[in-house]
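One letter stands for each residue in the lines below.
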Amino acid sequence: MYGEGKRIWGKLGALFLPSLIVVLFDLLSLRVDAPTAGGLSFLAAILTAYFFFPKLRVRPRRLVLALALAVGVAALMAFLF
C-alpha cells in the first residue's frame, strides 16, 4: 500500500517538471538575460528529474499531458506578470 502511494507522488511530481521549467524561467528572466534564465531553469529541472525520479519511464501520453500543463502555466504566468 505504501509503495503505491509513493509511485503516484512520483508520477505527479514528474508531471509538473515542465511547469517547473516555465515558472523558474519566468522568475529568473526578471533578474538575468533570457538565455541564462533558460539554461538555469532547464538545468534545475534535469537535476530534479535525475535525483528524484531516476526510475520513472516517460510515456508519450504523460509527456503530452505534462507539456500541455506547462503551456497552461506559461499562459497563466504571462497573464499575471
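Residues numbered from 1 in each chain as written. Predicted model: local features only at pLDDT ≥ 70, side-chain atom pairs only at ≥ 80, totals over all residues. Heavy atoms only, no water.

Enquirer: Would you explain the confidence of the model for the protein in this entry?
Expert: For any part of a model where pLDDT is low, the fine detail of the predicted coordinates should not be relied upon. With 88% of its residues at a pLDDT of 70 or more, the protein shows a mean pLDDT of 78. Within the protein, no element has a lower average pLDDT than helix α1 (residues 2–15), which sits at 67, and none a higher one than helix α2 (residues 17–28), at 86. (pLDDT = per-residue confidence, 0-100. Helix = DSSP H or I, 4+ residues; strand = E, 2+ residues; numbered from the N terminus.)

Enquirer: Got a minute to help me understand α2 in this structure?
Expert: Its 12 residues place the ends of α2 16 Å apart at the C-alpha level, agreeing with the 16 Å of an ideal helix rising 1.5 Å per residue. For α2, every residue scored as buried is listed here: L17, P18, S19, I21 and V22. (Expected span 1.5 Å × (residues − 1). Buried < 20%, exposed > 50% of the residue type's maximum accessible area, 1.4 Å probe, protein only.)

Enquirer: I keep staring at a nonpolar patch on the surface and nothing clicks. Help me out?
Expert: A cluster of nonpolar side chains, namely L40, L43, L47, Y50, F51 and F52, defines an oily patch on the protein surface of about 700 Å² accessible area. You can see F52 is positioned in helix α3 (residues 34–52). (Patch = residues over 30% accessible without salt bridge, like charges linked within 9 Å, V, L, I, M, F, W, Y side chains within 5 Å. Areas by Shrake-Rupley, 256 points an atom, 1.4 Å probe, with all protein chains shown as cover. Salt bridge = Lys/Arg side-chain N within 4 Å of Asp/Glu carboxyl O.)

Enquirer: Quick question: what am I supposed to make of the packing of α2 against helix α4 (residues 60–80) here?
Expert: How two helices pack is summed up by the angle between their axes together with the distance between the axes. Their axes nearest at 7 Å, the elements α2 and α4 cross at an angle of 25°. Here α4 runs roughly parallel to α2, going by the angle between their axes. In the crossing of α2 with α4, the sense of the turn from one axis to the other is right-handed. Note on element contacts: α4 touches α2 through A66, L67, L69, A70, V73, A74 and M77, opposite P18, S19, V22, V23 and D26. Across the contact of α2 with α4, the residue classes tally to 10 nonpolar, 1 polar and 1 charged. (Axes fitted to C-alpha atoms, helices over the stretch in contact; angles between N-to-C directions. Parallel < 35°, antiparallel > 145°, perpendicular 65-115°, else oblique. Left-handed = near helix turned anticlockwise from the far one by under 90°. Contact = heavy atoms within 4.5 Å. Nonpolar A, V, L, I, M, F, W, Y, C, P; charged D, E, K, R; others polar.)

Enquirer: Would you mind going over α4 with me for this structure?
Expert: Along an α-helix, residues three or four positions apart point the same way, because every turn accommodates 3.6 residues. Counted at 1.5 Å a residue, the expected span for α4 with its 21 residues is 30 Å, and the 30 Å between its end C-alpha atoms agrees. Taken together, the buried positions of α4 are occupied by A66, A70, V73 and M77. One side of α4 carries all its buried residues, which in axial view fall inside an arc of 65°. Seen from the buried face of α4, the exposed residues on the opposite side, beyond 90 degrees, are P60, R61, V64, V71, A78 and F79. (Arc of directions from axis to C-beta.)

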